[in-house]
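Structural description and commentary
Okay, here's what each chain looks like letter by letter:
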Amino acid sequence: MRTITNLKIYMCGIFGYIGDSNASEMIVRGLKRLEYRGYDSWGIAVAAKHTLTVVKQVGPIGDVEKALTLPSSHAGLGHTRWATHGRVTQRNAHPHFSTDKSFALAQNGIVENYKELQKQLFQLGYTFHTETDTEVIVRLIEYEQTKTTSLLDAVKQAFKQLSGRNTIALITTEGEIIAARNGSPLVVGRNTKNGTLYISSDTLSFAPYVDGMYMVDNGQLIRATKSEVSCQDIQTGKSISMHYEHVSTRHSEVDKAGYEHYMLKEIHENPQVIAALLKQPAKEYERLAQAIKRARRVYAVGSGTAGIAAAQIAFYLREYAHIDAVGLVGADAKEYYDYFTPDDLIIAPSQSGETADVLEVIEHARIKKAVIASFVNMPGSMMSRLSDFAFMAQAGPEICVMSTKIFVSQIAWGYLLAKTVANKRTDALKQLEKLSHDMGDYLQKPETHKQLKEVARILVKKHDIFLMGKYQNLQIVREGMVKFIEGTYKHAHAIAAGDLKHYAITLMEKGVIVVTALSRDSVYSDMMNAMHEVKARGATVIGISADKEEGMDIHIPVPKEAETSAIMHVVPLQLLAYYMAKKLGNNIDRPRNIAKSVTVK
Ligand code: GLU
């Protein structure tokens, strides 16, 4: 088995600005929108009066005042760091100055050969002031500058010597920005009306201000000044024409639209993300359906919530399309690598399309020539680029670190896909349309929120929360568990109802609460039995279902759906997590210790 060592992608955000507004203010705004990528420190460099000024600080991009002490300027470069080499200190924060302060550089990635390069540079008399691998790039550029008068050429020469996946950006005293990509995303945004230019790690960070974006490819370099921006191939030096894509207005919607938290707003967008799927052209679905029918086996793979979505997508393929489909968790798929064949098909749902674990699986599957399909929400992602079938969720930005609407979008897509494979697309569209409509009504009703707030109040008092489900609702309660844990920092445990009597039943006693999701499906009587078994041991049952079933101590009524009932059940679970987190005073949109795009392995 070939091991891939270069598939590691690291978090951090890069945000460059050239325009008429005050650069530091624009960069603070941009970095805040990049916060979901994770951070531990930040820094901003601005160019004014032929001088670069840098501020750096440990912690989140909150201390705006400090940034605003920077001189007024029309060009700057910001960075949020997710430390890989060197402690989280002010000194190690980016951007890093060159010795003569003629440029400052920020990096996203790891210089895998930094030790060797550092050794060579030491021998050449260079000294280092930080503990980062990034500083090696700065010194290397300085060394290359001794051979050429062109900074651009020096950057190219230095960049070619770096191994690992690295994206770099530097700004000069004259406000020129040079950026090169080999790994993490890099996007150029342009406002043709006022000539403003943005160079960033994602589209989201500048979407409201631009009318076009250009996705920089691996091996490309961008040079931007106040008057022009150009792109070239780093190896050949050949210039590349930049085709700007229109930026979807959906990607501009990054405010809370009157909701107290992004999470609540995004839960309310669940019906819309389902509706968005209905508008997607049938042709792509049909094409993928044909490939699925030809496949020997389908592996659906994801991490975290997307891993649960992958399992549900596999369920829908098995159940509605009779396809041999299995769900895999990105980080634990290694033992399958040897078994991938050209006849296999991988399905990867991912919000960001940059999840390192899943990218590694895809890369291995590609070596084995398996077919790759992805369902991604972020335009221009690595995963889409690696896919034979690249579907977009078109769900608009999801800002809350806890995924809600994207999970719903992923499993609804899986259902639609499975039904397309089964030649029952029209039927699926009808079911999803009804679901979207009913879900909207459910979310609008004040009673929904009133009841869930009350239930949340009961649940937060518990030390442990149990959930139980089976068949189509098994992954749904697992996702409920994930949301409960992320929202409350408390222990939650999802039990497969069929497995209850094999172990978890030992925990059932008076005072224990079990949340179930139940559909009137082929496992209905099994679920009823499991419910009675926990009740017989004194546990209280909170049941999410269309009809109140015997044995439910508290019933959470939801609209009646046929094949899509499991998707409906996700919504009250998400709302319960939200109201619990709120009751506990937790940071709802950014739970502790986790980042949205886990782009580190
Ligand atoms: N390797 C660099 C560091 O640790 C950059 C990490 C990042 O991508 O933020 O400073």
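Residues numbered from 1 in each chain as written. Predicted model: local features only at pLDDT ≥ 70, side-chain atom pairs only at ≥ 80, totals over all residues. Heavy atoms only, no water.

**Section: the side chain of T404**
- Tracing the backbone shows T404 in the loop between β19 (389-392) and α12 (405-421).
- According to the relative accessible area criterion, T404 is buried, its value standing at 0%.
- Other than its neighbours up to four places away in sequence, T404 contacts M263, E266, I267, N270, E398, K483 and Q574. (Helix = DSSP H or I, 4+ residues; strand = E, 2+ residues; numbered from the N terminus. Buried < 20%, exposed > 50% of the residue type's maximum accessible area, 1.4 Å probe, protein only. Contact = heavy atoms within 4.5 Å.)

**Section: the pattern of salt bridges**
- Following the criterion strictly, the structure yields 28 salt bridges and no others.
- When the shortest N-O distance is used, the salt bridge between K434 and D438 registers 2.6 Å. Pair noted here: K434 and D438 are both in helix α13 (residues 425-444), with a separation of four residues, about one helical turn.
- Since its relative accessible area comes to 13%, D438 is described here as buried.
- Its salt-bridge partner being K560, residue D547 comes within 2.5 Å of it at the nearest N-O pair. On the criterion of sequence distance, the pair formed by D547 in the loop between β23 (540-545) and β24 (554-557) and K560 in the loop between β24 and α17 (565-584) is long-range, its members being 13 residues apart. (Salt bridge = Lys/Arg side-chain N within 4 Å of Asp/Glu carboxyl O.)

**A few points about the pairing of strand β17 (residues 344-350)**
- Counting buried positions along β17 yields seven of seven residues, so the element is predominantly enclosed.
- Burial along β17 is two-sided: D344, I346, A348 and S350 and L345, I347 and P349, pointing in opposite directions, are all buried.
- With four bridges connecting them, strand β15 (residues 297-302) and β17 associate as parallel partners. Paired with A300 across the strands is I347, a residue of β17.
- Bridge count between β17 and strand β18 (residues 371-376): six bridges; the pairing is parallel. Looking at the pairing, I346 lines up with I372 of β18. (Pairing = 2+ DSSP bridges.)

**So, the packing of aromatic side chains**
- Counted by the stated rule, this structure contains 19 aromatic pairs.
- Here the aromatic cluster, defined as three or more aromatic residues joined through ring pairs, consists of F15, Y17, Y198, F206 and Y209.
- Of note, R190 hangs over the ring of Y244, and the distance from its end group to the ring centre comes to 3.7 Å.
- Above the face of the Y320 ring, K419 is positioned so that its terminal group lies 5.5 Å from the ring centre. (Phe/Tyr/Trp six-rings, centres within 6.5 Å; stacked < 30°, edge-to-face > 60°. Lys NZ or Arg CZ within 6 Å of the ring centre and 35° of its normal.)

**Quick notes on a positive patch on the surface**
- Judged by side-chain charge, K453, R457, K461 and K583 come together as a positively charged surface patch.
- Mapped onto the fold, K461 is located in the loop between α14 (446-459) and β20 (464-469). (Patch = residues over 30% accessible without salt bridge, like charges linked within 9 Å, V, L, I, M, F, W, Y side chains within 5 Å. Areas by Shrake-Rupley, 256 points an atom, 1.4 Å probe, with all protein chains shown as cover. Lys, Arg positive; Asp, Glu negative; His and termini not counted. Charge placed at Lys NZ, Arg CZ, Asp CG, Glu CD.)

**Quick word on the sheet that holds β17**
- One open sheet holds the five strands; their spatial order is β16-β15-β17-β18-β19, and the pairing between them is parallel. Each edge of the open sheet is held by one strand with a lone partner, namely β16 (325-329) and β19. Across the sheet, the mean angle separating the axes of adjacent strands is 20 degrees when strand polarity is ignored.
- Together, β17, β18 and β19 form the strand contacts of α12, whose direction differs from that of β17 by roughly 150 degrees. (Axes fitted to C-alpha atoms, helices over the stretch in contact; angles between N-to-C directions.)

**So, the packing of helix α3 (residues 114-123) against helix α4 (residues 134-145)**
- In contact at an axis separation of 10 Å, α3 and α4 are set at 45 degrees when each is read in the N-to-C sense. One element, α3, and the other, α4, form an angle in the oblique class. In the crossing of α3 with α4, the sense of the turn from one axis to the other is left-handed. Contacts from Y114, L117, Q118 and L121 of α3 reach α4 at V136, R139, L140 and Y143.
- Grouping the amino acids of the contact of α3 with α4 by side-chain chemistry returns six nonpolar, one polar and one charged. (Parallel < 35°, antiparallel > 145°, perpendicular 65-115°, else oblique. Left-handed = near helix turned anticlockwise from the far one by under 90°. Nonpolar A, V, L, I, M, F, W, Y, C, P; charged D, E, K, R; others polar.)

**A short note on the confidence of the model for the protein chain**
- Here the protein chain averages 92 in pLDDT, and 95% of its residues register 70 or above.
- Low pLDDT, under 50, characterises residues 1-10; the predicted model gives this stretch 34 contacts beyond four residues in sequence or across chains. (pLDDT = per-residue confidence, 0-100.)

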